[in-house]
Amino acid sequence: MNKKTLFQEDHDYVWHPFTQMGVYSESEQIIIERGNGSYLYDIDGKPYLDGYASLWVNVHGHNNEKLNRAITEQLGKIAHSTLLGSSNVPSIELAKRLVEITPSNLRKVFYSDTGSASVEIAIKMAYQYWKNIDAEKYASKKKFLTLKNSYHGDTIGAVSVGGIDTFHAIFKDLIFENIQVGCPSLFKSDYDTESELVESITKEIRHILEQQQDEICGFIVEPLIQGATGLYAQPVQFLKEVEKLCREYNILLIVDEVATGFGRTGTMFACERADVNPDIMCLAKGITGGYLPLAATLTSQAIYDAFLSNSHGKKTFFHGHTYTGNQVTCAAAIANLKLFEETKLIDHIKVTSALLNQELEALNVLSYVGNVRGYGLMYGVELVNPDQPVEPLAIPTVERIIQTCKDNGLMIRNLENVITFVPVLNMSEHEIKKMIDIFKNALNQVM
Ligand SMILES: *Cc1c(COP(=O)(O)O)cnc(C)c1O
């Protein structure tokens, strides 16, 4: 198909996610045709460094031979059969591996296919857990403790525990009520030290728990970094404090590691860095190396046991998606985990994340850089108005920077006035440097 027809038919038939199509349709957009390693190639063959890892998912690069092979080998056996009332080999093998590599509390794996679904499942499980234990005693447990500025996905339950006003406003009659608390952000602090900041917020949380413990099923958090709202990094100790509070007030700790899981923040899971052992963990994005949609909700033995009975209708978790435990996606995930070991990827990320950190921190001297924050290969650079540094940089200017990067062969995205660096996880040092150089040149050109 020729290029003109493709552009036309994209506009004619496709409704893009999170996109104002009225604006999208005004210009010609990039159409990707293939990928290789850290690069994406458009229909003209123009290469772009994948600085957003195709929306935070790509791990070992595009068109990876071993991942390709694992997928085609599985296709040679079977693509899909259901987990309802039967099982399959890759889903068993993967569940065992996930239990082995995640924090020790987590013993069981419930599959689904998107991050949002993994969160829905976590919410419903946590809610039903209390009902299954003692419906009368825990009758008032109907809410979740959530963090301001959090993002847990776009389905109604996930939006209900999210904390982004722009996404919430229109759906306010559909979403259920929760209790929201502030989240300490490393760089937007009214306090002198991280400890003071964490202390003040944990005090606020403790106060809420003292008052409303009986109403709360669990506390859901994005550990270490709140992603989609603007890459807000938290002090590591905050997560530990959250865990302590959950234990003290007997509520479940749910960590949404959909974005942070699988090496993104520099350790296999963000929980590791804070030495936190949750009751429920949500996984998606990087789980298949960024190849196929798969998600998992992992739970403790205690939660699993609360759903056991000797009768089908009693205590059963009535939830399941058609493609639960799909063989091809599970085979990709198994190959992804093998590659983590074979390539010693976590060690590699230690080197590249130090480089990314150093290169981005150096930009702090610029009058229009408000701050730089993140962990691992998940960084945000907040741009401000150079004349009025308390104000964000005007969005049309931010968009010009992004466009200039694209023109010069770097694919990155902004979240409002925050430029996000979430590259392919196995990007080389050379490619990380190149990514930063293109960004710096774009800043020079536009600012
Ligand atoms: C992306 C994301 C989700 C939603 O995942 P989808 O696969 O897009 O539904 C949920 N939580 C976090 C933290 C995410 O980053």
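These numbers come from a predicted model, not from an experiment.

Rules of the game
Residue numbering note: each chain is counted from 1, following its sequence as written. Local features are withheld for residues below a pLDDT of 70 in this predicted model, meaning they are given only at 70 or higher, and side-chain atom pairs are given and counted only at 80 or more; totals for whole chains, interfaces and linings count all residues. The side-chain values count all of the structure's non-hydrogen atoms but skip hydrogen atoms and water molecules. Salt bridge, as applied in this entry: a Lys or Arg side-chain nitrogen positioned within 4 Å of an Asp or Glu carboxyl oxygen. The secondary structure listing takes helices from DSSP runs of H or I that are at least 4 residues long and strands from runs of E that are at least 2 residues long, numbered from the N terminus. When a residue's accessible area, from a 1.4 Å probe over protein chains only, is under 20% of the maximum for its type it is buried; when over 50% it is exposed; and in between it is partly exposed. Two joining distances apply to patches: 9 Å for like charges and 5 Å for nonpolar side chains (Val, Leu, Ile, Met, Phe, Trp, Tyr), and every residue must have over 30% relative accessible area and no salt bridge. In short, Shrake-Rupley with a 1.4 Å probe defines the accessible areas, and a residue's cover is counted only from the protein chains shown. Multiplying 1.5 Å by the helix residue count minus one yields the expected span of that helix. Regarding the arc, it is the one traced by the directions from the helix axis to the C-beta atoms. Working rule for contacts: check all heavy atoms of both residues, and any pair within 4.5 Å makes them a contact. We treat two strands as partners when DSSP finds at least two bridges between them. Axis lines are fitted through C-alpha atoms, for helices just across the contact stretch, and the angle between N-to-C directions can take any value from 0 to 180 degrees. Using only the protein atoms, space was sampled on a 1 Å grid; points where a 1.4 Å probe fits but cannot get out form cavities, open sets with protein on both sides within 12 Å along at least five of seven lines form pockets, and lining residues are those with an atom within 4 Å of a point. Grid points are joined across faces, edges and corners, and a volume is the space filled by probe spheres set on the points. An angle below 35 degrees is read as roughly parallel, one above 145 as roughly antiparallel, one from 65 to 115 as roughly perpendicular, and any other as oblique. By definition, any crossing whose near helix is turned counterclockwise from its far helix by less than a right angle is left-handed, and any crossing with a clockwise turn is right-handed.

Caption draft 1: Summary view of the pattern of salt bridges. All told, the structure shown has 15 salt bridges when counted by the stated rule. Ionic pairing is found between Arg97 and Glu100, a salt bridge with its closest N-O pair at 2.8 Å. Of this pair, Arg97 and Glu100 are both found in helix 5 (residues 89-101), 3 residues apart, which corresponds to roughly one turn of the helix. A residue is classified by how much of its surface remains accessible, and Arg97, at 23% relative accessible area, is partly exposed. Residue classification places Glu100 among the partly exposed residues on the basis of a relative accessible area of 46%. The shortest N-O distance in the salt bridge between Arg206 and Glu248 comes to 2.7 Å. Of the two residues, Arg206 sits in helix 9 (residues 194-212) while Glu248 sits in helix 10 (residues 236-248), which places them 42 residues apart along the sequence. Given a relative accessible area of 30%, Arg206 falls into the partly exposed group. Here the salt bridges share partners, and the residues they tie into one network are Lys96, Arg97, Glu100 and Glu341.

Caption draft 2: Representation of a nonpolar patch on the surface within the structure. Together, Ile156, Ile170, Phe171 and Leu174 give the surface a local cluster of nonpolar side chains, amounting to about 410 Å² of exposed area. Examined against the element boundaries, Ile156 turns out to sit in helix 7 (residues 156-160). For Ile156, a relative accessible area of 37% corresponds to the partly exposed category.

Caption draft 3: Up close: helix 15 (residues 395-407). Compared with an ideal rise of 1.5 Å per residue, which puts 13 residues at 18 Å, helix 15 spans 18 Å between its outermost C-alpha atoms and is within 8% of the ideal. Taken together, the buried positions of helix 15 are Thr397, Val398, Ile401, Ile402, Thr404 and Cys405. Looking straight down helix 15, one finds its buried side chains confined to an arc of 160°; they lie on one side. On its buried face, helix 15 sits against strand 14 (378-385), strand 16 (410-411), strand 17 (413-415), strand 18 (418-421) and helix 16 (429-446). Phi for Gly409, located one or two positions after helix 15, is positive at around 90°.

Caption draft 4: How the structure looks around the side chain of Lys143. Along the polypeptide, Lys143 turns up in strand 5 (residues 143-147). Every residue in contact with Lys143, bar those within four places of it in the chain, is listed here: Glu177, Asn178, Ile179, Glu215, Ile216, Cys217 and Gly218.

Caption draft 5: Layout of the sheet that holds strand 4 (residues 106-112). Strand order in this open sheet of 7 strands is 4-12-11-10-7-5-6, and the pairing throughout is mixed. One side of each edge strand has no neighbouring strand; the edge strands of this open sheet are strand 4 and strand 6 (179-181). Within the sheet, the average angular offset between the axes of one strand and its neighbour, ignoring direction, is 20°. When strand 7 (residues 216-221) meets strand 10 (residues 252-256), the two strands line up parallel, connected through 4 bridges.

Caption draft 6: Looking closely at the layout of surface pockets. By volume, the second largest pocket is sized at about 880 Å³. Along the walls of the second largest pocket sit 28 residues, with Val109, Phe110, Tyr304, Phe317 and His319 positioned nearest its centre. Within the residue set of the lining of the second largest pocket, elements represented by two or more residues are helix 5, strand 4, strand 12 (295-300) and helix 12 (301-306). When residues of the lining of the second largest pocket are assigned to their parent elements, the largest contribution, 4 residues, is made by strand 4.

Caption draft 7: Structural context of the packing of helix 5 against helix 13 (residues 327-342). Running from N to C, helix 5 and helix 13 cross one another at 40°; their axes reach a closest spacing of 8 Å. Here helix 13 runs oblique to helix 5, going by the angle between their axes. As helix 5 runs across helix 13, the sense of the crossing is left-handed. Packed against helix 5, whose contacting residues are Pro90, Ser91, Glu93, Leu94, Arg97, Leu98 and Ile101, the element helix 13 presents Gln327, Cys330, Ala331, Ala333, Ile334, Leu337, Lys338 and Glu341 at the interface.

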